[in-house]
Amino acid sequence: MAWVYLLLAIGALAVAFKTASVGLMAVCLLLALGLILAWVMTLLAQRIDSRSRSEHAMIDPDELRRMREQAEARKAAAAAGESPR
């Protein structure tokens with residue numbers, strides 16, 4: 001979708017350079033500016049989304065509690081001189 005914004009912006013710039021009407025040129029230049037900003041924002045959003053972690057990979061609170069209990073049990077076993085499991 002991001003590349004559609006860029007192509008539309010290039011089209012708006014082409015119309016702005018070819019037209020003889022000052023009003024149409026101003027509208028096309030503003031449209032091209034808006035489309036270029038939309039293109040950049042879409043690219044940034046895609047980049048941020050590609051680098052963010054998936055919510056499915058996050059540990060739920062129950063699993064986190066279980067892991068803490070296991071770590072505490074290993075610490076207590078090490079302190080008591082037993083070998084951890």
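Conventions used here
- Residues numbered from 1 in each chain as written.
- Predicted model: local features only at pLDDT ≥ 70, side-chain atom pairs only at ≥ 80, totals over all residues.
- Heavy atoms only, no water.
- Helix = DSSP H or I, 4+ residues; strand = E, 2+ residues; numbered from the N terminus.
- Rg over C-alpha atoms; globule rule 2.2 N^0.38 Å.
- Buried < 20%, exposed > 50% of the residue type's maximum accessible area, 1.4 Å probe, protein only.
- Areas by Shrake-Rupley, 256 points an atom, 1.4 Å probe, with all protein chains shown as cover.
- Lys, Arg positive; Asp, Glu negative; His and termini not counted.
- Charge placed at Lys NZ, Arg CZ, Asp CG, Glu CD.
- Expected span 1.5 Å × (residues − 1).
- Arc of directions from axis to C-beta.
- Contact = heavy atoms within 4.5 Å.

Colleague: I would appreciate a short explanation of the overall build of the protein in the present structure.
Modeller: Summing up its helical and strand segments, the protein has 3 helices and 0 strands in all. The order of helices and strands in the protein, counted from the N terminus, is α-α-α. Here the C-alpha atoms of the protein give a radius of gyration of 28 Å, more than 25% beyond the 12 Å that 2.2 N^0.38 yields for 85 residues. With the principal axes as the frame, the protein shows a C-alpha extent of 90 × 15 × 15 Å. Within the protein, the fraction of its 85 residues that count as buried is 12%. Entry remark: accessible area of the protein is about 7200 Å², with carbon and sulfur atoms responsible for 65%. Averaging the positions of the 10 positive and the 8 negative side-chain charges in the protein gives two centres separated by 10 Å.

Colleague: Is there a simple way to explain helix 1 (residues 2-18) in this structure?
Modeller: Side chains three or four residues apart in an α-helix point the same way, a direct result of the helix having 3.6 residues per turn. Compared with the 24 Å implied by 1.5 Å per residue over 17 residues, the 25 Å span of helix 1 between its first and last C-alpha is a close match. Regarding helix 1, the residues found buried are A2, A9, A12 and A16. What you see down the axis of helix 1 is that its buried residues fit within an arc of 80 degrees, all on one side. In this structure, helix 1 carries W3, L7 and K18 as exposed residues pointing more than 90 degrees from its buried face. Structurally, helix 1 contributes buried residues whose contacts are with helix 2 (22-51).

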